[in-house]
Amino acid sequence: MSQSTESFAAKRSPRQNIVVAIPFTDLQRERLTHVAPEAVFSFNGKDTASASDVASASIVMGNLSPALLSSATGLQWVQLASAGADAYTAPGALDTSVALTNSVGAYGQAVSEHMLALLLSLIKKLNLYRDTQSVHRWTDHGGVKSLVGASVVILGLGDIGTHMASLLTALGAHVVGIRRHVPASLPPHVERVLTLDQARADGTLSHADVVVSFLPGGGTTHHLLDAEFFTSMKPGSYFLNGGRGSVVDTDALREAVVSDHLAGAGLDVTDPEPLPATDPLWDVDNVFVTPHVAGGYHLPAVLDNVADICVANLRRFLAGEALHNVVKH
C-alpha cells in the first residue's frame, strides 16, 4: 500500500454529506464537526450505517463493505480506519475516481507491543505456565531464552515494523529489516535493511533467532511464506505474524511447528480467519494464537490516532490539498 499523497484541483464544498462508521468518542466527533461545520454528519457503527445515509454520502470514514459503498453515486473519498485496504483495492471494489486513504501510522504502538508480548511469552514459556496453572499443576517447564543478543528479522519495515524494531533493540536484540526496496539511508533501530532475496542468499534468514512478519496481504504476498521459507529458517527459531494471515501457507507453518523445526509461533492473524476450531494449531503447545486483536481499539491510543488522521485529512480534503496515506486502487 502507498503512503503517497494525492492533490485536488480546487477547494471542495464545505457542504459535504459525511458518513462516519468509526466508534469515535464525543470529543473526537466534535473535532471532526469543528473542521466541517457546514457538513452533514451521520455517525454510525460499522454495522449500523443505513443504506440511505451511505447512498447520499460524498465522504465515508470507516470500513463499510464495498458492496454498500457502491450505492453512493456521489462518493468522492473513503477514509479507512484500518491500515490494510485489501478489500477496497480488489478489481471493481471501488471506483477509481474515489480517493482512498488508510490509517497507516495509527497502529504501530498497539501491534508492536502485542507481538512483543507474544514473543516474550513464548521464549519464557509463559503460555505453558498458564496452561498448567489452569489445571492447578506446579510444573517447571525448563530452560528459557533471552532477546539480549538475539538476531531478529522483521519482514515489512513500515510504521508497525519500525515500532517493533525500537522495542526489540531496547531489549538488546540485533534487528535486520526486510523491505521490497532497500532505502538510501538506514532507518532507526535496525542494523541492516535487505530484500527478502538478499536475506535468503546471504544467510541472514537462516541465522535469525526470530522472524516477525508485518507484511500486507495481496496478490504478490499471498503464501509468500511457504514450506521453503520455513525450512530455510534456523532450527529452534521463532516465527510471529502480526501482518496478514494470507501471507503464510498455514499447512507449511503447521508442519514447521509440529515437527519442532521451529521452537514456536505467535500468531495474531491466520489463514483462514477465524482459524477453524478443528485446526491442529490450536492444540500445539508452542503456538500462541490471538484472534486478530492486536490492531483493534483495545488500546485507547489507537482510536486517538485514527481520529487525528481523519481530522487532518478532512481539513486537507476541504482545502483541496494533498491527502495523506493515499492507497492506489
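Computed from a predicted model, the values in this text were never measured in an experiment. (Residues numbered from 1 in each chain as written. Predicted model: local features only at pLDDT ≥ 70, side-chain atom pairs only at ≥ 80, totals over all residues. Heavy atoms only, no water.)

So, about the overall build of the protein. Scanning the protein from terminus to terminus reveals eleven helices and 14 strands. A compact globule built from 329 residues would reach a C-alpha radius of gyration of about 20 Å, and the protein, at 22 Å, matches this within 12%. With the C-alpha coordinates of the protein rotated into their principal frame, the extents come out at 65 × 50 × 35 Å. Taking all contacts inside the protein whose residues are at least 6 apart in sequence as the whole, residues at least 24 apart take part in 62%. Summing over all exposed atoms, the protein offers an accessible surface of approximately 15400 Å²; the carbon and sulfur share of this is 55%. Across the protein, the 21 positively charged side chains and the 31 negatively charged ones have centroids separated by 6 Å. (Helix = DSSP H or I, 4+ residues; strand = E, 2+ residues; numbered from the N terminus. Rg over C-alpha atoms; globule rule 2.2 N^0.38 Å. Contact = heavy atoms within 4.5 Å. Areas by Shrake-Rupley, 256 points an atom, 1.4 Å probe, with all protein chains shown as cover. Lys, Arg positive; Asp, Glu negative; His and termini not counted. Charge placed at Lys NZ, Arg CZ, Asp CG, Glu CD.)

Moving on: the sheet that holds strand 10 (residues 210-213). Spatial strand order, 9-8-7-10-11-12-13: seven strands in an open sheet with parallel pairing. Among the strands making up the open sheet, the edge pair consists of strand 9 (192-194) and strand 13 (287-289). Across the sheet, the axes of successive neighbouring strands diverge by a mean angle of 15°, strand direction being ignored. As defined by bridge partners, strand 10 adjoins strand 11 (residues 237-241) across four bridges and the pair is classed as parallel. Looking at the pairing, valine 211 lines up with phenylalanine 239 of strand 11. Against the sheet, helix 5 (residues 108-123) contacts strand 10, strand 11, strand 12 (262-267) and strand 13, and its axis sits at roughly 155° relative to strand 11. (Pairing = 2+ DSSP bridges. Axes fitted to C-alpha atoms, helices over the stretch in contact; angles between N-to-C directions.)

For the structure shown, the criterion picks out five salt bridges. Arginine 31 is the salt-bridge partner of aspartate 308, the closest N and O atoms lying 2.8 Å from each other. Residue aspartate 308 is found in helix 11 (residues 300-319), and its partner arginine 31 is found in helix 1 (residues 26-35); the two are separated by 277 residues along the sequence. Overlapping salt bridges bring together Asp251, Arg254 and Asp279 as one network. (Salt bridge = Lys/Arg side-chain N within 4 Å of Asp/Glu carboxyl O.)

Of all hydrophobic cores here, the largest spans 57 residues; its most connected members are Leu168 and Leu314. No other element matches helix 11, which puts ten residues into this core. Every residue in contact with leucine 168, bar those within four places of it in the chain, is listed here: Leu116, Leu119, Leu147, Val152, Ile154, Ala173 and Val175. Val153, Ile178, Met233 and Val247 belong to the second-largest nonpolar core, a separate cluster that totals 30 residues. (Core = buried A, V, L, I, M, F, W, Y, C linked by side-chain atoms within 4.5 Å. Buried < 20%, exposed > 50% of the residue type's maximum accessible area, 1.4 Å probe, protein only.)

Tracing the backbone shows aspartate 86 in helix 4 (residues 86-89). Residue class for aspartate 86 comes out partly exposed when judged on its relative accessible area of 33%. Excluding anything up to four places from it in sequence, aspartate 86 contacts Gly217, Gly218 and Arg244.

Moving on, we come to the layout of surface pockets. By volume, the second largest pocket is sized at about 220 Å³. Looking at the lining of the second largest pocket, the elements that each hand over two or more residues are helix 6 (126-134) and strand 13. Considered class by class, the residues forming the lining of the second largest pocket number six nonpolar, one polar and four charged. (1 Å grid on protein atoms, 1.4 Å probe; cavity = no way out; pocket = protein on both sides within 12 Å on 5 of 7 lines; lining within 4 Å. Points joined across faces, edges and corners; volume = space filled by probe spheres on them. Nonpolar A, V, L, I, M, F, W, Y, C, P; charged D, E, K, R; others polar.)

Confidence along the protein averages 95 in pLDDT terms, with 97% of residues attaining 70 or more. This stretch, residues 1-5, has a pLDDT under 50; its non-local contacts, to residues over four places away or in other chains, come to 22 contacts. (pLDDT = per-residue confidence, 0-100.)

With respect to the element layout, threonine 250 can be found in helix 10 (residues 250-258). Expressed as a C-alpha distance, the spacing of threonine 250 and leucine 68, which sit 182 residues apart in the sequence, is 31 Å. Aside from chain neighbours lying at most four places away, what touches threonine 250 is Asp271, Asp279 and Leu281. At 2.6 Å, the side chain of threonine 250 forms a polar contact with the backbone oxygen of aspartate 271. (Polar contact = N/O pair within 3.5 Å; in protein donor to acceptor, adjacent residues only side chain to side chain.)

Okay, unusual backbone geometry next. Cis geometry marks the peptide bond from aspartate 271 to proline 272; its omega dihedral reads 5°. Along the chain, the position of proline 272 falls in the loop between strand 12 and strand 13. Of note, the amide linkage connecting glutamate 273 to proline 274 takes the cis form, showing an omega dihedral of -10°. Topologically, proline 274 is positioned in the loop between strand 12 and strand 13. With phi around 55°, histidine 223 is a residue other than glycine that occupies positive phi space. You can see histidine 223 is positioned in the loop between strand 10 and helix 9 (227-232).

Time to look at the pairing of strand 8 (residues 174-178). The buried fraction of strand 8 is high, at four of five residues. In terms of strand pairing, strand 7 (residues 151-155) meets strand 8 through five bridges, oriented parallel. Each bridged residue has a counterpart across the sheet, and for isoleucine 154 the counterpart in strand 8 is glycine 177. Regarding the hand of the β-α-β motif, the stretch spanning strand 7, helix 7 (residues 159-170) and strand 8 is right-handed. (Right-handed = clockwise from strand over helix to strand, strands pointing away.)

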